[in-house]
Amino acid sequence: MVWLVPFFHTARNRRHVSATPLPFPRRSTCRKMPRGSKHPGVTSHCFLSLLMLKSCWLLGSAANAALRPSAAAADSQQPLQEFGHSIRLDGDVILGGLFPVHARGERGVPCGELKKEKGIHRLEAMLFAIDLINKDPELLPNVTLGVRILDTCSRDTYALEQSLTFVQALIERDGSDVRCANGEAPIFAKPDKVVAVIGASASSVSIMVANILRLFKIPQVSYASTAPELSDNTRYDFFSRVVPPDSYQAQAMLDIVTAMGWNYVSTLASEGNYGESGVEAFVQISRDSGGVCIAQSLKIPREPRPGEFDKIVLRLLETPNARAVIMFTNEDDIRRILDAAKRNNLTGHFLWVGSDSWGSKISPVVQQEQVAEGAVTILPKRASVDAFDRYFRSRSLSNNRRNVWFAEFWEENFFCKLGMHGKRPGSPKKCTGLEKVGRDSTYEQEGKVQFVMDAVYAMAHGLHHMHRELCAGYPGLCPRMANIDGKELLAHVRAVAFNGSAGTPVTFNENGDAPGRYDIFQYQINNRSTAGYKVIGHWTNQLHLEMESLQWTTGDTSLPASVCSLPCRTGERKKVVKGVPCCWHCERCEGYHFQASEFTCELCPYEKKPDHNRTSCQAIPIIKLEWHSPWALLPVFISVLGIIATTFVVATFVRYNDTPIVRASGREMSYVLLTGIFLCYIITFPMIAAPDVAVCSFRRIFLGLGMCFSNAALLTKTNRIHRIFEQGKKAVTAPRFISPASQLAITFSLISVQLLGVLVWFAADPPHTFVDYGEQRTQDPGNARGVLKCDISDLSLICSLGYSILLMVTCTVYAIKTRGVPETFNEAKPIGFTMYTTCIIWLAFIPIFFGTAQSAERMYVQTATLTVSLSLSASVSLGMLYMPKVYVIIFHPEQNVPKRKRSFKAIVTAATMTSKLSHLAAERPNGEVKTELCEGVEASVPPTKTTYVSYTNHAM
């Protein structure tokens, strides 16, 4: 019997290697059984047709094949000619392997150029680990591991086609309805039974393959797939990985962005599960944390058109403030994005933050060092495996024939050509076979080598535990492990715990994920123009970043910004743009508002104002009218002069108390009037003094009392004159209540009304002080002041002065009525002039006082106006009523002598005649007036000598 291999060798045109066709042919030439024959089993007609056709084709050449010695018989470890598209090593237990040996092809070609690091390094790491395990007497003793390694060409659909090889042995064959052309039954080749698969690299490939492997219960351990979607144990229950999922990676990248102070970033993903799920995890975590906003989320198509990367870079530039770009892209896309940024003169603009697909790889940044400078990348925590370095450097064309792609690697690595059929037809240099890795070419261990070895060892430890449980004491595989149960093997793999190839612990959680441990790198160019990756921190559940190690452009350690809006200055709040919480407009807290939080301004309490930075409130300064203020100096000066003058007048009157002029002035009423004048002057001092309870009490009492004294005395005098002369027109008898005692009684009766009002005011509202913060509450809080005041409102002031003003108006009316009385006989005219002037003063006071109610200088203006008005009123009374008398008393004492007394009738008659003559004088020409004046006087009054006469000379 000849064992046949169930594969075509139909050549597919490919750039560097020949691709393997789909194991299921599209068309079969085998003849189908007549109608009514037995229906096929589980396997599809198409799959069986391929196998039948292959068997029939080989049947004709069976004899020749039997006569020729097998080329593979000499060395069981050498790959058979039929497996030129894959690596096959025989063993008791076969492990599958999926590696991106080639890049994705372009323009419809499945595979592209060779990937030396991600492909060959990783592939050799699996072979190296298999060798170590097979030599280890403690691990799987007497059990040999074999491999079946396939190339995914970095494409998920192509990897799916290749991975069907792993499940062939598990498919039930039924060829009862298939016959070869000569009528013979087909001969089936025996495929390798793959018990587990190591891989794949890209998450999109792992997801595609995992969906097939789980159907046949084949465990899968990936060394590089990090998509969060693969953590779903309900969909990918046979999938495990020795690298942490991107959910950890996304959290680590978010922590890096936050530590940099960046809150406005763009994301860039390669189309597929790895890129899209990684970005989705980052976006979700950033949304949950609320500290980072996504400006744009762009995706690179699987098959990018020419110019696609230039368009992507220009789209990223549409949000220039989002300089940071979070990249979940494959290695090829990273290189092409950097190249597009370089072409568009955007070197130094973008701040790249790369996922583990970038890591610390050299290939994406070759010849693009300047545009990649400053890139922060992340890579699962790893260490270089020194034993692998020694192993790989020792590989050559002669000792590594089991790797069918090693010759192609040799040409790529040493830039030479192997014979006429080499893959580099344009290379002028021929390979000698004596080249040495690391000596004649650069070599650096690829970052995932450790994880490839850990994945192989994890599977080996799982098989070892399973063997120890099922085949205790049995050398080699026992019958119970002849058909390994994938579900049972998965349980053992998930339970392993050992130190990996780099000394780091290897474990799995319930979802088959490895714990999150990352190293953080930055691509830096030092002063000697040497570029390289530098470790700047690590992440193990939380970020540990060495900020002092960061460098963005050569020698520059200042942290660049990637924010939508610059931070607001002190005293400004953020007005967030709707839907974009990281973008805002800064608005200053105006007026009396302070910055209560990052987003709000609040009004300070009424007695406070915002401080200089508007971050808190401080007490508003309290002021009062100071003695040294110009608004106080003038009233005090006038008041002091008035007090001195009043005191001088009082002293003069006391000194000359019994002289005719003092007596004629009405001594008792004069002293009352002078007391009122004195009080009008003295009120200036409590009005300017610092308010307290005592000062406020004095203000209430004396504010209207001085005017009340003065106006009550003057009103009593003018009323007395008016009644005397009105009575004289009717009869010669004197009117009642014109004696000094009566006058005093009337005056104090009027004053008592004012005092009674003050007492009621005291009882209803006891005096107290308060601070008026509204009077000088300016628009600029810096100028705001609180004014210490007595509790005397404008209404209280009007009420307090209103009674005195009423007395003043009444007195003015009487002064007008007695204006015709001759000046020779009484004080009516001086009193009239006094009242007219006083009315003018207070008429001017009202608009000045109340017109400045809204002024910032209100306290000063109103206090000065009130005190000066009181002092001027007193000065008018003092000057018009008493200064002439004092002048006569002091400078003309000869006029201050006793005169003869006249009867009341004579006084009234003389006054009446004088009044009539005054009217006639106003109505006639000058000559006639003089004649009538003389005649009138001669007819009515006997000729006498003119003397100083006063009604007070008459004995009442």
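1. Looking at the overall build of the protein chain
Working step 1: A count of helices and strands for the protein chain gives 26 helices and 29 strands.
Working step 2: A total of 956 residues make up the protein chain; the buried ones form 51% of that total.
Working step 3: Taking the contacts inside the protein chain whose residues are at least 6 apart along the sequence as the reference set, 69% of them involve residues at least 24 apart.
Working step 4: In the form shown here, the protein chain has an accessible surface area of approximately 44500 Å², with 57% of it arising from carbon and sulfur atoms.

2. A look at the packing of aromatic side chains
Working step 1: This structure, assessed with the given rule, holds 24 aromatic pairs.
Working step 2: Ring geometry for Phe406 against Phe409: centres 5.4 Å apart, planes inclined by 35°, an arrangement best described as tilted. Taken together, the residues Phe406 and Phe409, both in helix H12 (residues 406-414) and 3 residues apart, mark about one turn of the helix. Each member of the pair, Phe406 as well as Phe409, carries the same accessibility label: buried.
Working step 3: Put simply, the rings of Phe128, Phe388, Tyr391, Phe392, Phe406, Phe409, Trp410, Phe414 and Tyr443 pair up and form one aromatic cluster.
Working step 4: Across the ring face of Tyr592, the terminal group of Arg777 is positioned such that the distance to the ring centre comes to 3.9 Å.

3. A few points about the pairing of strand S18 (residues 518-525)
Working step 1: For S18, the buried fraction is high: 8 of the 8 residues fall into the buried class.
Working step 2: By the alternation rule, side chains of S18 split into Tyr518, Ile520, Gln522 and Gln524 and Asp519, Phe521, Tyr523 and Ile525, which are all buried.
Working step 3: Pairing of strand S15 (residues 376-380) with S18 involves 5 bridges; the strand directions are antiparallel. When the bridges of S18 are listed, Val376 appears paired with Gln522.
Working step 4: The pairing of S18 with strand S19 (residues 531-539) spans 8 bridges and is classified as antiparallel.

4. Description of the sheet that holds strand S8 (residues 194-198)
Working step 1: Sheet architecture is open: 6 strands sit in the order S2-S6-S3-S8-S9-S10, paired in mixed fashion. Bordering the open sheet on either side are strand S2 (87-89) and strand S10 (239-241), each of which pairs with just one other strand. Across the sheet, the mean angle from the axis of one strand to that of its neighbour is 20°, orientation sign disregarded.
Working step 2: Where S2 lies against strand S6 (residues 145-151), 3 bridges are found, and the strand directions are antiparallel. Bridge pairing in S6 links Ile87 to Ile149.
Working step 3: Against the sheet, helix H13 (residues 449-470) touches strand S3 (93-99), S6, S8 and strand S9 (220-222), its axis set at about 150° to S8.

5. Here's the deal with the confidence of the model for the protein chain
Working step 1: Chain-level pLDDT for the protein chain is 81 on average; 81% of the residues reach the 70-or-more range.
Working step 2: Overall, residues 1-84 carries pLDDT values under 50, and its contacts beyond four positions in sequence, including any with other chains, amount to 144 contacts.
Working step 3: The model gives residues 924-956 a pLDDT under 50, and that stretch makes 37 contacts with residues more than four places away or in other chains.

6. Overview of the pairing of S6
Working step 1: Of all 7 residues making up S6, 7 are buried, and the element is well covered by its neighbours.
Working step 2: Sheet topology note: the S3/S6 ladder contains 7 bridges and is parallel. Bridge assignment links Leu98 to a residue of S6, and that residue is Leu150.

7. Details of the pattern of salt bridges
Working step 1: Taken as a whole and judged by the stated rule, the model has 26 salt bridges.
Working step 2: The residue Arg305 makes a salt bridge to Glu308 at a minimum N-O spacing of 3.6 Å.
Working step 3: Classification of Glu308 by relative accessible area gives buried; the value is 14%.
Working step 4: Between Arg343 and Asp339 there is a salt bridge, and its shortest N-O distance comes to 2.3 Å. Taken together, the positions of Arg343 and Asp339, both in helix H9 (residues 331-343) and 4 residues apart, correspond to about one turn of that helix.
Working step 5: Its relative accessible area of 46% is what places Arg343 among the partly exposed residues.
Working step 6: Here Asp339 falls in the partly exposed class, since its relative accessible area comes to 30%.
Working step 7: The network of salt bridges with shared partners includes Asp310, Asp339 and Arg343.

8. Section: the state of the cysteines
Working step 1: Inspection of every chain in the model, using the stated rule, returns 9 disulfides.
Working step 2: Paired by a disulfide, Cys471 and Cys478 hold their sulfur atoms 1.7 Å apart. Between Cys471 and Cys478 the sulfur-sulfur dihedral comes to about -60°; the bridge is accordingly left-handed. Taken as a pair, Cys471 and Cys478 share a single burial class, namely buried.

9. A look at the nonpolar core
Working step 1: Ranked by internal contacts, the top residues of the largest apolar core, which has 66 residues, are Leu95, Met126, Leu145 and Phe388.
Working step 2: Considering every element that reaches this core, the biggest residue donor is H13, with 13 residues.
Working step 3: Residues within four places of Leu145 in sequence aside, it is in contact with Asp90, Gly91, Val93, Leu95, Ile130, Ile133, Asn134, Leu140, Ala460 and Leu463.
Working step 4: Listed in part, the 48 residues of the second largest apolar core include Leu715, Leu801, Ala815 and Val888.

10. Some remarks on the packing of helix H4 (residues 156-163) against helix H5 (residues 203-213)
When two helices pack together, their arrangement is given by the angle between their axes and by how far apart the axes lie.
Working step 1: Where H4 contacts H5, the axes come no closer than 9 Å and their chain directions differ by 35°. Between H4 and H5 the crossing geometry is right-handed. Residues Asp156, Ala159, Leu160 and Ser163 of H4 pack against Ser204, Val205, Met208, Val209 and Ile212 of H5.
Working step 2: Partitioning the contact of H4 with H5 into residue classes produces 6 nonpolar, 2 polar and 1 charged.

11. Observations concerning the sheet that holds strand S29 (residues 785-790)
Working step 1: With respect to topology, 3 strands assemble into an open sheet ordered S27-S29-S28, the strand pairing being mixed. The open sheet has two edge strands, strand S27 (622-623) and strand S28 (769-776), and neither has a second partner.
Working step 2: In this structure, S28 lies alongside S29, joined through 5 bridges in antiparallel fashion. Bridge assignment links Val771 to a residue of S29, and that residue is Leu788.

12. Some thoughts on unusual backbone geometry
Working step 1: Of note, the bond from Gly199 into Ala200 is cis; its omega dihedral lies within 30 degrees of zero at 0°.
Working step 2: Turning to its location among the elements, Ala200 is positioned in the loop between S8 and H5.
Working step 3: The phi dihedral of Cys153 falls on the positive side, at around 55°, and the residue is not glycine.
Working step 4: Considering the arrangement of structural elements, one finds Cys153 in the loop between S6 and H4.
Working step 5: Located in the positive-phi region is Gln367, a residue other than glycine, with phi close to 65°.

13. As for the side chain of Lys448
Working step 1: Relative to the assigned elements, Lys448 resides in the loop between H12 and H13.
Working step 2: For the buried Lys448, no salt bridge is present, and the opposite-charge side chain at shortest range is Asp356, 4.2 Å distant.

14. As for the environment of Ser360
Working step 1: The residue Ser360 is located in the loop between strand S14 (351-354) and helix H10 (369-372) in this model.
Working step 2: The buried category is assigned to Ser360, whose relative accessible area is 11%.
Working step 3: For the pair Ser360 and Val376, spaced 16 residues apart in the sequence, the C-alpha separation amounts to 9.7 Å.
Working step 4: Of the polar contacts made by the side chain of Ser360, one reaches the side chain of Arg382; its length is 2.7 Å.

Rules used in this analysis
Residues numbered from 1 in each chain as written. Predicted model: local features only at pLDDT ≥ 70, side-chain atom pairs only at ≥ 80, totals over all residues. Heavy atoms only, no water. Helix = DSSP H or I, 4+ residues; strand = E, 2+ residues; numbered from the N terminus. Buried < 20%, exposed > 50% of the residue type's maximum accessible area, 1.4 Å probe, protein only. Contact = heavy atoms within 4.5 Å. Areas by Shrake-Rupley, 256 points an atom, 1.4 Å probe, with all protein chains shown as cover. Phe/Tyr/Trp six-rings, centres within 6.5 Å; stacked < 30°, edge-to-face > 60°. Lys NZ or Arg CZ within 6 Å of the ring centre and 35° of its normal. Pairing = 2+ DSSP bridges. Axes fitted to C-alpha atoms, helices over the stretch in contact; angles between N-to-C directions. pLDDT = per-residue confidence, 0-100. Salt bridge = Lys/Arg side-chain N within 4 Å of Asp/Glu carboxyl O. Disulfide = S-S within 2.5 Å. Core = buried A, V, L, I, M, F, W, Y, C linked by side-chain atoms within 4.5 Å. Left-handed = near helix turned anticlockwise from the far one by under 90°. Nonpolar A, V, L, I, M, F, W, Y, C, P; charged D, E, K, R; others polar. Lys, Arg positive; Asp, Glu negative; His and termini not counted. Polar contact = N/O pair within 3.5 Å; in protein donor to acceptor, adjacent residues only side chain to side chain.

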